[in-house]
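Coordinate analysis (summary)
So the chains spell out like this:
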Amino acid sequence: RQQPAIYAPPVQGDPSGYGQPQPQMFDQGLYGAYALQSQQPLSLLLKICPLIDELSLYDVVNTPGVAMDLSHISTPAKVTGFLPKDDGMKNAFTGADVVVIPAGIPRKPGMTRDDLFKINAGIVRDLIKGVAEHCPKAFVLIISNPVNSTVPIAAEVLKGAGVFDPKKLFGVTTLDVVRAETFVAAVTGAKDPSKCKIPVIGGHSGETIVPLFSQSEPKADIPEDKLNDLTYRVQFGGDEVVKAKEGAGSATLSMAFAGYRFAEKIIKAVNGESGIVETTYIYLPGVEGGDEIAKETGCDYFSVPVELGPEGAKKAHNVVSLANDYEKKLLEACYKGLKGNIEKGIEFVKNPP
Ligand code: LMR
């Protein structure tokens, strides 16, 4: 057995995006419709990854059907789908090496990611309790919003269970990097957007997302008059999708690509491939090089380019100190917002509402 991966798809309660989960939504079929829409793209990408030999899907609805459908694809991964009944979480999580969590409700136009906290915080907390109990050594990749707060929530739950390894907990901010690559290429005319490496650091919402175009490799030639618009597009790219979907959710396809890209990098690093660096939101004091960045930013959780190795996060790269004056101003706003988001997540676990 090589590298089993677990994908814990959305465990959302209210597809409308408002209020508390309502049991009757199951009857209305709304819940299922949304869960189906958001869980499938990432599951499909993971199923066709040749590095994965077991894929377990866990959700409150639909997983047996989605797993059956995926299982007909002629790739090595063995797929199973679990529901909460019959010890589903235990069966899905036990033996997992990697757990990917995109669970939770999505935004509607006009909402911020922080508006999702009320429902998604509890969902992430409960899934992480399952991780702590059934696969405490797994690498945990958190996609669920608000990532700025759900990662600290996960860390606190794992700490409480005595199984926290900061090298193995990651907030997936890859979509911000993917968007920066795409939007910059649209301005510079580069043929293959993925060839330009752009660190996008900080957190994963609005002004806490800070693209460091000055650190692009190769150097991106961005005209001065395009810089503000480009920065705004990266910071609020998620809102573009939410608006275009007109209430039907947020990014699921580009997010699946980003989640998959990061999961694949982790698996490759764990399998011994060296030189892999990907930007991700981590608990800085627990990773080599992180203390210095935490001191400089005043934030214990921060997204920076991180070298990945067999143990997970090997080294955090301090690109913060390389920011130019324009980017330093963006960083000031980032620190302010991010500190509050982190504190909110920690409080949620320490003093439950
Ligand atoms: C995104 O960046 O697209 C996701 O975080 C979803 C969202 O709410 O914007």
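Scoring rules and cut-offs
Residues numbered from 1 in each chain as written. Predicted model: local features only at pLDDT ≥ 70, side-chain atom pairs only at ≥ 80, totals over all residues. Heavy atoms only, no water. Helix = DSSP H or I, 4+ residues; strand = E, 2+ residues; numbered from the N terminus. Expected span 1.5 Å × (residues − 1). Buried < 20%, exposed > 50% of the residue type's maximum accessible area, 1.4 Å probe, protein only. Contact = heavy atoms within 4.5 Å. Near = heavy atom within 4 Å. Polar contact = N/O pair within 3.5 Å; in protein donor to acceptor, adjacent residues only side chain to side chain. Areas by Shrake-Rupley, 256 points an atom, 1.4 Å probe, with all protein chains shown as cover. Nonpolar A, V, L, I, M, F, W, Y, C, P; charged D, E, K, R; others polar. Core = buried A, V, L, I, M, F, W, Y, C linked by side-chain atoms within 4.5 Å. Phe/Tyr/Trp six-rings, centres within 6.5 Å; stacked < 30°, edge-to-face > 60°. Lys NZ or Arg CZ within 6 Å of the ring centre and 35° of its normal.

1. Describing helix α7 (residues 174–188)
Counted at 1.5 Å a residue, the expected span for α7 with its 15 residues is 21 Å, and the 21 Å between its end C-alpha atoms agrees. The buried count for α7 comes to 11 of 15 residues, which makes it a mostly enclosed element. Packed against the buried residues of α7 are β7 (200–202), β8 (209–211), α8 (227–235), α9 (237–244), α10 (253–270) and β9 (276–283).

2. Looking at the site of the ligand
Neighbouring the ligand are Arg107, Arg113, Asn145, Leu175, Arg179, His204, Gly238, Ser250, Ala251 and Met255. Side-chain polar atom of Asn145 to an oxygen atom of the ligand: 2.7 Å apart, as the coordinates give it. The fraction of the free accessible surface of the ligand (260 Å²) that becomes covered by protein chains is 98%. Looking at side-chain class alone, the shell around the ligand contains three nonpolar, four polar and three charged residues.

3. Digging into the nonpolar core
Counting 94 residues, the largest nonpolar core has Ile128, Leu141, Phe170, Ile201, Phe302 and Val304 as the members making the most contacts within it. Membership of the second largest hydrophobic core comes to 14 residues, among which are Ala180, Phe183, Ile198 and Leu227.

4. What to know about the packing of aromatic side chains
Each aromatic ring pair is specified by the distance between its two centres and by the angle formed by the two planes. For the coordinates displayed, the defined rule picks out eight aromatic pairs. Ring centres of Tyr281 and Tyr301 lie 6.2 Å apart, and the angle between their planes is 35 degrees; on these two criteria the pair is classed as tilted. Here Tyr281 is found in strand β9, whereas its partner Tyr301 is found in strand β10 (residues 301–309), with 20 residues between them in sequence. A relative accessible area of 1% places Tyr301 in the buried class. When the centroid spacing of 6.1 Å and the interplanar angle of 45 degrees are considered together, the rings of Phe302 and Tyr335 count as tilted. With Phe302 in strand β10 and Tyr335 in helix α12 (residues 325–350), the pair connects residues that are 33 residues apart, well separated along the chain. By relative accessible area, Phe302 is classed as buried at 0%. Seen from the ring of Tyr283, Lys159 lies directly overhead, with NZ or CZ sitting 5.0 Å from the centre.

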